[in-house]
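Descriptive analysis of the structure
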Amino acid sequence: RPRPRSHRPALPQGCSEPAGREPRLRDTPEDICFEATANAIALHPARPLLAAGDVDGDVYLYSYSCTEGENRQLWSSGHHLKSCRDVAFSQDGQKLFTVSKDKSVHVLTVEEGRLETRFPKAHSSALNCVLPIDNHIFATGDDGGALKVWDLRKGDAILEARQQEEYISAMAVDGNGKILLTASGDGTLGVFNVKRRRFELLSEPQNGDLTSVVLLKRGKKVACGSSEGTIYLFNWDGFGAASDRFALRAESVDCMVPITDSIVCVGSLDGVIRS
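Source: prediction; values computed, not measured.

**What to know about the overall build of the chain**
- Counting secondary structure elements, the chain contains zero helices and 23 strands.
- With 275 residues in all, the chain has 46% of them scored as buried.
- For the chain, the share of sequence-separated contacts (at least 6 apart) that also reach a separation of at least 24 residues comes to 38%.
- For the chain, the exposed area adds up to about 15,200 Å²; of that, 47% sits on carbon and sulfur atoms.

This is the structure:
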């Protein structure tokens with residue numbers, strides 16, 4: 001018995017059928033998999049580029065796309081001797097800052113992954129986070145609670161402080177590059193004046209480690225995540241004590257990313273992203 005002919009719509013005049021299947025357009029890029037656990041990721045400020053640092057000390061740069069099969073590894077760097085703890089792009093997107101458990105700070109070119117500047121013993125303790133403030137100034141925090149602010153033009157630190165008792169987990173800076181905030185494992189939020197190169201104040205200790213800090217409401221509010229699963233809110237002119245708090249149904253808040261002026265996404269140890 002002959003098979004019935006399947007009905008196929010006619011092609012418009014002058015068009016021919018494509019030789020192969022068109023690449024599928026996805027809602028999100030495909031997952032990027034690493035050989036070792038990634039400690040930190042950062043997105044380029046202007047281009048579809050993702051940087052990651054892993055527990056082996058390797059740093060990778062990928063281009064990503066919503067077109068299926070278009071993710072590409074552009075380069076990798078193995079200069080760190082121990083785990084890479086944090087990565088961050090400069091504001092102009094031309095440099096990538098990386099910090100490591102080996103106490104070093106590396107500055108790589110984004111285009112080639114070339115090691116441009118290296119501070120081999122930047123801190124006396126293992127480094128935990130890095131934050132570019134402008135195209136020349138950046139800050140680093142370590143496991144011992146020490147903060148340093150660096151000037152690439154001078155090749156040295158221009159501010160050194162140790163006001164917090166535990167590790168610096170995350171940092172944020174205002175839009176003018178003047179006030180630097182540091183979240184610490186001792187539960188406090190530190191406030192530093194970068195322009196005047198001095199310490200301003202510490203907040204009251206909160207319950208649990210403060211693990212993250214972001215600015216909201218056009219810089220009028222500051223949100224801090226904690227290891228207890230609580231988000232603490234501070235008013236910009238009232239860093240001494242939290243103005244509000246939100247308890248999440250999560251065992252911890254480990255990282256936060258502001259999506260809009262009033263919405264923030266948080267990541268937790270249970271693998272769930274909440275907003």
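The structure having been displayed, the exposition proceeds.
**Overview of the confidence of the model for the chain**
- Taken as a whole, the chain shows an average pLDDT of 92; of its residues, 93% reach a score of 70 or greater.
- For residues 1-17, every residue scores under 50 in pLDDT, and the model assigns this stretch three contacts once sequence neighbours within four places are set aside.

**A short note on the side chain of His123**
- Locating His123 in the fold gives a position in the loop between β8 (115-119) and β9 (127-132).
- There is a polar contact of 2.9 Å between the side chain of His123 and the side chain of Asp142.
- Those residues in contact with His123 that lie beyond four places of it in its chain are Lys103, Thr140, Gly141, Asp142, Ala146, Leu147, Lys148 and Trp150.

Cut-offs and rules
Residues numbered from 1 in each chain as written. Predicted model: local features only at pLDDT ≥ 70, side-chain atom pairs only at ≥ 80, totals over all residues. Heavy atoms only, no water. Helix = DSSP H or I, 4+ residues; strand = E, 2+ residues; numbered from the N terminus. Buried < 20%, exposed > 50% of the residue type's maximum accessible area, 1.4 Å probe, protein only. Contact = heavy atoms within 4.5 Å. Areas by Shrake-Rupley, 256 points an atom, 1.4 Å probe, with all protein chains shown as cover. pLDDT = per-residue confidence, 0-100. Polar contact = N/O pair within 3.5 Å; in protein donor to acceptor, adjacent residues only side chain to side chain.

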